[in-house]
Amino acid sequence: MQQVRVRFAPSPTGYLHVGGARTALFNWLWARHTNGKFLLRIEDTDQLRSTPEAVEAILVGMKWLQMEPDEPVLFQMTRHQEHIDLCYELLERGAAYADFSDPEIENQKREAMTKAKLQYKFDGSMYRSIPISEQKKRMENEPGNFAIRLKIPEGKTQWNDIVHGSIEINHAELDDFVILRRDGTPVYNLAVVSDDHFQQINLVLRGDDHISNTPKQILIYQAMNWEVPKFGHLPMILGTDKVKLSKRHGATAVGDYQKLGILPEAMINFLALLGWAPGDDTEVMSIDELINRFSLERINAKAAVFDLQKLYWLNGQHISRTPTKQLIDKCGGIDQIKETTGTSELTVEQITKSLELWKTRVKTLDELISYAQIIWKDPLTYDQEGLKKQFQDPKAINRCLALANAFEKLETFTHESTEAVLRKLAEEESQASGETIPAGRYIHPCRLMLTGLTVGPGLFDLVVAIGKEAVVRRLRKAQQLT
Ligand code: GLU
């Protein structure tokens with residue numbers, strides 16, 4: 001079997017869009033799955049719109065998503081001369097011709113047709129059959145006064161799209177399209193074929209907004225007698241309102257999600273599910289699992305829906321699966337965490353332990369850090385509903401104070417010793433009052449005083465992480481609730 005060679009070919013005119021990243025990812029996964037090659041080509045031939053910042057944004061985004069290309073990045077503009085040469089080669093072969101028509105007149109014709117709601121098609125009959133030698137003479141005499149157009153033969157172009165199945169286009173729908181503009185610049189469809197052939201790409205997987213370009217590109221391959229690659233067109237991405245994804249739906253730049261505390265592995269997992277599914281109910285997958293399970297057959301032709309809630313859910317799943325040490329690195333390291341949270345006195349162990357306790361309960365890295373601070377800093381506010389519920393019983397305050405006293409006396413402050421103390425207090429109270437006092441009557445008010453919240457990690461894990469002194473101090477604040 002021929003080695004798979006695929007590419008991602010973005011035009012650097014903005015940022016790395018999630019749609020582009022999804023295209024890149026499907027190509028990358030397929031290359032990794034098949035032990036093939038994944039290439040990155042920056043299509044910077046639109047010199048007016050391409051910017052170095054946009055190139056940088058693509059490179060940074062790709063790096064963040066760990067999709068490193070297997071060969072040096074190809075900048076399309078470096079092959080500008082080859083693209084021009086290909087136009088002339090097509091002309092030599094009789095597959096293209098020089099068009100000396102007056103652009104003004106053609107524009108007027110186009111406008112009139114559009115007004116009449118008819119499709120404008122260039123009529124090349126005047127130039128199509130001029131012998132090449134004559135065309136060349138005229139081109140020499142009238143530089144800048146001609147474009148080169150591909151001669152579309154009669155018939156149809158058909159390909160078996162990897163995603164959509166057989167697609168057939170009748171050539172009557174196409175006109176002899178320009179391959180070299182009057183200003184001497186080659187068009188996108190020409191440059192893409194030239195580069196894909198040069199880079200020996202044998203599968204072109206790209207967004208389905210390119211379907212209409214594919215027959216034109218196939219015609220160029222055929223005119224050159226080049227092997228035509230396979231094509232697959234990935235479904236469009238819609239927002240949850242079923243409208244094409246746009247800025248209206250929120251962040252569409254991959255870099256924005258990085259800033260929002262999304263892990264690259266969660267983003268990759270999420271993007272992979274935009275138009276592909278493994279065939280069972282599995283949703284949370286590591287990069288290796290995705291590589292293993294990815295298949296072209298399971299790419300869905302129907303539009304995919306970008307559901308932000310799902311991205312956050314997946315992110316939470318990946319955060320809880322990530323070793324805490326790695327999470328610390330992802331948050332910028334221990335020193336960075338200490339600096340942003342103003343907790344220079346904490347030890348590595350304390351920070352690690354706190355993150356450990358919260359990482360299964362958060363959706364982003366930012367949330368992780370803010371919840372961890374609950375352990376490090378006394379609460380400034382308390383859940384109001386919780387206060388009402390837990391301190392409705394006036395004895396709740398005394399229970400907190402009794403806990404504070406008992407905890408204070410403990411020499412070893414562990415999960416076991418603190419739990420034993422709490423349960424003992426509940427039992428003693430039961431005996432003294434003759435009614436059963438469940439441990440929850442101590443646990444819930446205690447959690448509220450320690451964290452300000454009604455839910456969170458196991459209480460005794462929290463107690464140990466917060467530390468004796470702070471636990472006692474926080475519990476004694478219950479006095480102020482009277
Ligand atoms: N440069 C094109 C784009 O950004 C993609 C070309 C291709 O994949 O063939 O839409």
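Here the structure is shown first, and the text comes after it.
Rules used in this analysis
Within every chain, residues take consecutive numbers counted from 1 along the sequence as written. Only residues with pLDDT of at least 70 get local features here, since the model is predicted, and only at 80 or more are side-chain atom pairs given and counted; chain-wide, interface and lining totals rely on the full set of residues. Think of the side-chain values as coming from all heavy atoms in the structure, minus any hydrogens and water. Cavities and pockets were defined on a 1 Å grid built over protein atoms only: a cavity is a set of grid points that admits a 1.4 Å probe from which the probe cannot escape, a pocket is an open set flanked by protein on both sides within 12 Å along at least five of seven lines, and lining residues are those with an atom within 4 Å of any such point. Grid points are joined across faces, edges and corners, and a volume is the space filled by probe spheres set on the points. Any Lys or Arg side-chain nitrogen found within 4 Å of a carboxyl oxygen on Asp or Glu counts as a salt bridge. For every residue, the accessible area (1.4 Å probe, protein chains only) is compared with the maximum for its type, and the residue is labelled buried under 20%, exposed over 50%, or partly exposed between those bounds. Secondary structure elements are taken from DSSP: a helix is a run of H or I of four residues or more, a strand is a run of E of two residues or more, and numbering for both begins at the N terminus. Throughout, nonpolar core names a set of buried Ala, Val, Leu, Ile, Met, Phe, Trp, Tyr and Cys residues whose side chains join them through atoms within 4.5 Å.

Peer 1: Now, about empty space enclosed by the protein: what can you tell me, with residues and values included?
Peer 2: Counted according to the given criterion, the structure contains one cavity of 30 Å³ or more. For the largest cavity, the calculated volume is near 30 Å³. What lines the largest cavity is Thr-45, His-80, His-83, Pro-186, Val-187 and Ala-191.

Peer 1: For the pattern of salt bridges, give the residues involved together with the corresponding values.
Peer 2: Summed over the entire model, instances satisfying the criterion amount to 30 salt bridges. Arg-138 is paired through a salt bridge with Glu-142; the nearest N and O atoms lie 2.8 Å apart. According to the relative accessible area criterion, Glu-142 is partly exposed, its value standing at 22%. Asp-378 is the salt-bridge partner of Arg-474, the closest N and O atoms lying 2.7 Å from each other. Residue Arg-474 is found in helix H22 (residues 468-476), and its partner Asp-378 is found in the loop between helix H16 (365-376) and helix H17 (384-390); the two are separated by 96 residues along the sequence.

Peer 1: Go over the nonpolar core, please, and point to the residues and values.
Peer 2: Within the largest apolar cluster, 108 residues are counted, with the highest numbers of intra-cluster contacts made by Met-62, Leu-65, Met-267, Trp-276, Phe-407 and Leu-475. Considering every element that reaches this core, the biggest residue donor is helix H1 (residues 18-34), with nine residues. Ala-95, Ala-98, Trp-159 and Ile-211 belong to the second-largest nonpolar core, a separate cluster that totals 38 residues.

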